[in-house]
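# Observations on chain architecture
As a plain string of letters, each chain reads:
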Amino acid sequence: MVKDQEFLKSKASYCLDLAKKMGATDASVTVGHSISETVNFRNKSLEASDRSDGLALSIETYLGKRRSSISSSNLLDENIKTLIEKCFETTKITPEDEFNSLPDKNLLAKKISSLNLYDETRFENDKKIKYLKDLEESASSNNQIINTESSFTENKSNFILANSDGFCDGYKTSSFTTSCVTVAKDENSMERDYEFSSKRHLSDIKQATDLGNKAAKQTIRKLSPKKIGSEKINIIFDKRISKGMLSVFASAISASAIARGTSFLKDKIGEQVFADSINVIDKPDIIKGMGSQNFDSEGVNSTTLQLIENGILKNYLVDTYNGKKLNLKSNGRSGGTTNLYFEKGNISYEDLMKKNSRSLYITETIGHGSNIVTGDYSVGATGFLVEDGEFKHPVNEITIAGNFKDMFKNIILANDLEFEYSVNSPTMMIEGMTVAGK
Amino acid sequence: MSNFFNKSDLTRQDADKIVSDTLNNCDDGELYLEESKSESIVLDDNKIKSSNYSSDLGFGFRAISNEVVAYSYSNEISKDSLKNSSENLKSTLKSIKGTYNHEIPKSNKKFYEDINPIEQKSLDSKLEVLNKVNDFLRKKDGSVKQVTASFAGEQKSIEIIRSGGEALTDVRPLIRFNVSVMLEKNGRKETGVYGIGGRQSYDDYLKNDNWKNVCEEAFRIASVNLESKPAPAGEMKVVLGPGWPAILIHEAIGHGLEGDFNRKKTSAFHDLIGEKVASEGVTIVDDGTIDNRRGSLTIDDEGTPTERTVLIENGILKNFMQDRHNARLMNTRSTGSGRRENYRHIVLPRMRNTMMLSGNQTQDEMIKSVDKGIFAVSFGGGQVDITSGKFVFNCTEAYEINNGKIGSPIKGATLIGDGPSILKEVSMVGNDMMLDPGIGTCGKAGQGVPVGVAQPSILIDKMTVGGTKL
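Residues numbered from 1 in each chain as written. Chains lettered and ligands numbered in written order. Predicted model: local features only at pLDDT ≥ 70, side-chain atom pairs only at ≥ 80, totals over all residues.

### Observations regarding the overall build of chain A
When its secondary structure is counted, chain A shows nine helices and 18 strands. Relative to the compact-globule value of 22 Å for 438 residues, chain A shows a C-alpha radius of gyration of 24 Å, a close match. Here chain A holds 438 residues, and 52% of them are scored as buried. Put simply, of all contacts in chain A between residues at least 6 apart along the chain, 73% involve residues at least 24 apart. (Helix = DSSP H or I, 4+ residues; strand = E, 2+ residues; numbered from the N terminus. Rg over C-alpha atoms; globule rule 2.2 N^0.38 Å. Buried ≥ 20, exposed ≤ 12 C-beta atoms within 10 Å, placed from the backbone. Contact = placed C-beta atoms within 7 Å.)

### Section: the overall build of chain B
What chain B contains, in helices and strands, is 11 helices and 22 strands. A compact globule built from 470 residues would reach a C-alpha radius of gyration of about 23 Å, and chain B, at 24 Å, matches this within 12%. Projecting the C-alpha coordinates of chain B onto the three principal axes gives extents of approximately 70 × 55 × 35 Å. Contacts in chain B between residues at least 24 apart in sequence constitute 76% of all its contacts with a sequence separation of at least 6.

### Observations concerning helix H7 (residues 247-254) of chain B
Counting buried residues along H7(B), eight of its eight residues qualify, which places the element largely inside the surrounding structure. If you check which residues of H7(B) are buried, you get B:Ile247, B:Leu248, B:Ile249, B:His250, B:Glu251, B:Ala252, B:Ile253 and B:Gly254.

### Details of the domain arrangement of chain A
As a measure of interface size, the accessible area lost when the parts come together is often cited. Residue and element names in this part refer to chain A. One can read the domain layout of chain A as domain 1 (5-220) and domain 2 (226-438). Averaged C-alpha coordinates put domain 1 and domain 2 at centres separated by 25 Å. Counting residues at the interface gives 18 residues for domain 1 and 19 residues for domain 2. Looking at the side of domain 1 that touches domain 2 residue by residue, the classes come out as 11 nonpolar, six polar and one charged. (Domains from an automatic or database assignment. Nonpolar A, V, L, I, M, F, W, Y, C, P; charged D, E, K, R; others polar.)

### Brief notes about the environment of A:Ser357
Residues and elements named next belong to chain A. Looking at where Ser357 falls in the secondary structure, it is placed in the loop between helix H8 (349-354) and strand E13 (358-366). Between the C-alpha atom of Ser357 and that of Val386, which follows or precedes it by 29 residues, the distance is 7.9 Å. Discounting chain neighbours no more than four positions away, the residues touching Ser357 are Glu387 and Asp388.

### Observations regarding helix H3 (residues 125-139) of chain A
Residue and element names in this part refer to chain A. End to end, H3 covers 20 Å across 15 residues, agreeing with the expected 21 Å (1.5 Å per residue, within 8%). What H3 keeps buried is the set Lys128, Tyr131, Leu132, Leu135, Glu136, Ser138 and Ala139. Along the axis of H3, the buried residues cluster in a sector spanning 160 degrees; they form a single face. Looking at the buried side of H3, the elements it contacts are strand E1 (26-42), strand E4 (145-163), strand E6 (172-185) and helix H4 (208-220). (Expected span 1.5 Å × (residues − 1). Arc of directions from axis to C-beta.)

### Notes on the interface of chain B and chain A
Facing the 64 residues of chain B at the interface are 59 residues of chain A. Counting residues per element, the side of chain B that touches chain A draws most heavily on strand E2 (residues 47-65) of chain B, which supplies 11 residues. Each residue belonging to the side of chain B that touches chain A can be placed in one class, and the counts come to 19 nonpolar, 28 polar and 17 charged. As judged from the six bridges shared by strand E2 (residues 45-63) of chain A and strand E3 (residues 68-74) of chain B, these two strands associate in the parallel manner. Counted as the bridge partner of A:Ala48 is B:Val69 from E3(B). (Pairing = 2+ DSSP bridges.)

### Structural notes on the domain arrangement of chain B
Residue and element names in this part refer to chain B. Segmenting chain B into domains produces domain 1 (120-157 + 171-226) and domain 2 (233-466). Relative to domain 2, the C-alpha centre of domain 1 lies at a distance of 26 Å. If you look at the interface, domain 1 gives 11 residues, while domain 2 gives 12 residues. Of all elements in the fold, only strand E5 (167-185), strand E6 (188-198) and helix H6 (210-226) reach the threshold of two or more residues within the side of domain 1 that touches domain 2.

### Description of the packing of helix H1 (residues 5-22) of chain A against helix H2 (residues 77-93) of chain A
Residues and elements named next belong to chain A. In the contact formed by H1 and H2, the axes pass within 10 Å of each other and the chain directions differ by 40 degrees. Here H1 lies oblique to H2, going by the angle between them. H2 is crossed by H1, and the crossing has right-handed handedness. Contact residues: H1 offers Tyr14, Cys15, Leu18, Ala19 and Met22, while H2 offers Asp77, Ile80, Lys81, Ile84, Glu85 and Phe88. Here the contact of H1 with H2 is composed, by residue class, of eight nonpolar, no polar and three charged. (Axes fitted to C-alpha atoms, helices over the stretch in contact; angles between N-to-C directions. Parallel < 35°, antiparallel > 145°, perpendicular 65-115°, else oblique. Left-handed = near helix turned anticlockwise from the far one by under 90°.)

### Some remarks on unusual backbone geometry
Residue and element names in this part refer to chain B. Despite not being glycine, Asp45 has its phi angle at roughly 55 degrees, a positive value. With respect to the helices, strands and loops of the structure, Asp45 is situated in the loop between strand E1 (28-44) and E2. We note that Asn66 has phi near 55 degrees; this positive angle belongs to a residue other than glycine. Among the secondary structure elements, Asn66 is positioned in the loop between E2 and E3. Overall, the presence of 15 C-beta atoms within 10 Å leaves Asn66 in the partly exposed class.

### Section: the pairing of E2(B)
Judged by how many residues are buried, E2(B) sits mostly within the fold: 14 of 19 residues are covered. The pairing of strand E3 (residues 66-72) of chain A with E2(B) spans four bridges and is classified as parallel. Bridged to A:Ile70 within E2(B) is B:Tyr53. In the sheet, E1(B) pairs with E2(B) via 17 bridges, with the strands oriented antiparallel. Looking at the pairing, B:Tyr32 lines up with B:Gly60 of E2(B).

### Quick look at the environment of B:Asn326
Residues and elements named next belong to chain B. By the secondary structure assignment, Asn326 is in helix H9 (residues 324-329). C-alpha of Asn326 to C-alpha of Asn225: the two residues are 101 residues apart in sequence and 44 Å apart in space. With sequence-adjacent residues up to four places away left out, Asn326 is seen in contact with Gly259, Asp260, Arg263 and Pro349.

### A short note on the environment of B:Ser457
Residues and elements named next belong to chain B. Looking at the element boundaries, Ser457 is found in the loop between strand E21 (447-455) and strand E22 (458-466). When the C-alpha positions of Ser457 and Gly359 are compared, they lie 9.2 Å apart, and in sequence the two are 98 residues distant. Each residue touching Ser457, except ones within four places of it in the same chain, is listed here: Val239, Leu240, Gly241, Pro242, Gln363, Met366, Gly430 and Asp432.

### Regarding the sheet that holds strand E9 (residues 280-282) of chain A
Residues and elements named next belong to chain A. The mixed open sheet is built from five strands, whose spatial order is E11-E10-E9-E12-E17. For this open sheet the edge positions go to strand E11 (312-313) and strand E17 (423-424), each flanked by a neighbour on one side alone. As paired elements, E9 and strand E12 (residues 340-342) share three bridges and run antiparallel to each other. Paired with Asp282 across the two strands is Leu340, which belongs to E12.

### Structural notes on the packing of helix H1 (residues 12-23) of chain B against helix H2 (residues 79-92) of chain B
When two helices pack together, their arrangement is given by the angle between their axes and by how far apart the axes lie. Residues and elements named next belong to chain B. Close contact between H1 and H2 brings their axes to 10 Å; oriented N to C, the two are set at 5 degrees. Classified by the interaxial angle, the pair formed by H1 and H2 is roughly parallel. Counting all contacts with H1, which are made through Asp14, Ala15, Ile18 and Thr22, the residues of H2 involved are Lys79, Leu82, Lys83, Ser86, Leu89 and Lys90.

### So, the pairing of strand E17 (residues 414-418) of chain B
Residue and element names in this part refer to chain B. The element E17 is largely enclosed, with a buried count of five among its five residues. On E17, burial covers both faces: Thr414, Ile416 and Asp418 on one face and Leu415 and Gly417 on the other are all buried. Sheet topology note: the E17/E22 ladder contains three bridges and is antiparallel. If you follow Thr414 over to E22, its bridge partner there is Gly466.

Have a look at this one:
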């Protein structure tokens, strides 16, 4: 069983009291406990089981404008005492930083509403095994599939965040995650693809057979890829890639990147940065949402933020420290976005596919080719050549490149948005990117 | 050395008994105990942004029978907690019986000393170096707009207890010193990053004001990039500089030669042992035994002493890298490559220091031989799709080559290639093998472990460069 609120609260107040007693002017502490159980399958038989049970503690102590932090997994009182002593000693010799402080009291979350983020259902390992058997049966039904690997993870977590201004709250969350990776082979090639489902509640997890079938289908269609020539072409990004564009956008508007001056979106508030049909929203209070939260990692209340309105940048993601540097109030985004999404567009997936007589559909990118200082983008890619709305043949060993400043202004979104993950996007087309191939 | 048996009610005798009881009917497995202390001190935006210290303690208990691995970890080292884990392992393996392999090779060689680098340098003196870095770079040039400098240090103590009570221990220090600088000139911003590190004390790396060299190098890379032009797009010849660019070898070849992917036959290399996979003159080894290197280990995380494993010799594929589990299932021996990020993770076969050895040509000859291509000197991260064999990496410092001469710097571009065929495109191997500065971390299955790479300059006849200029 995951530790209850009372246990975590008692550890948190022990830490705060001790820090105060030693002379800290302020302190904040997070105590968490998490239990997860994973079962792995390979080629329709059990491969591994993994159980983890982990406590985690992190403390920040302040002496005026001096601050330092410690973290530990050892929650014995004696160890906590030694660590807080060490932390406070370090705080004393760390230089002052005028922006160091706990969050403004009036911004702290007051009322916690239930977002239904915890499902107490126990899905015993035997049931996980049954699920994975069904999944791999369907994944391997086509004889071009030569290897299947799948897993099911159940996680239950609880945490308390407390600070010396009297904030003390936390809540339980759960997640159920299942994934399947399949390898297909033909005379020309060997290819891999995957499918997964991750939910707060067990009953929302995809059917095992659907998941297996989908993974297999997505893998088989990649067989016998061809390389294409280097050219300018319109690129359609599958949902699993288009949501990555949102993540890049989010890191470029984090207050820390803005305050340090290391983002291509610095000083762009109020300016057009996306095509004028584009709206981007970050909504923390979606019931059962994978990214939902009542407050951010500092205890600050978080409410829905419109980040992009008709293509115009409206807000940065602001935490207390960087907010003070930028003279902005925290908007409850210490720790990043919550449930981030593009509002859906007004063209159907089919029409987007047919929009050009020839385009490239990308299903996977590899490499870390997003530079948020310059906005330059260059990654390895795998996908399909699309002609007249149909997949013509699979494509690999190519790269796609551009600059986000231009790419964001040339985005067209389909109307197929679904809320599956903590970051969600419809299928996306970006016009005029460079493909490097033969 | 940590004593794991003075922390709670768990005695060594208890632990031995529970381990032996649990693993009696299994093929392999062990109790892995770990205590780590780590620190990170970061200067950013003219201030000490964070100073964090953390201590972590826990165990991971593993039992293996046939192809099934059962694993359970906890950060509570106690009799109850270990018994719970034992029950959990037994329930997974209840219907599978094995025969425990007691054999584990021994060595008394050590590749680093039992030091705690965190305690060997005072916090004050670390702060002083970080402030000196900041002042030095900001005074150096008006274009310097942002400086980040950091120290990261760690001491990890491990003990492995096998069935029958055999215990193996190791104490592993690790440090890294890093500088990142952002320049702005005529409205353009570019960053340069450089770092150094390994398994010695901070001062071993910082003597003779070596921090200045780290600053100069980060500044030089950023300055070069300020002048960069759009990179070309398409297939062309690529000259790689010596040292850190060997992450190409790591991505293109290394991962594909890890035992697990080959046992599962999901690696493009699984049926190529004894075959020619590279040009003549290409020899690649994975070596865990170089003194004080970031990727070196006295014993791996299963207790096997590390070694120098020949992967490719004169173009012929010789060996895969193995942990005990994959080695047993493939009827071979462990190469001391079983590694894990920490006690929370299972062991996987991983790289240590992956190196392409020197040939006898010069970098000059390579450049002169290229009509149109690029010269890549430094890289950011890379990634590989083991199954299709396609890999990428991102240039952070590269130049055009025109008619045998190095031309303008080019913007960061991704290079993409095909692992199983790329080494056949190597047409020249330099005489200038160099180790990387000690900064690599390799990610696999969500686990990061420190690694090293090395190579001489090489000429690759055909690779796709992912620029924007057609």
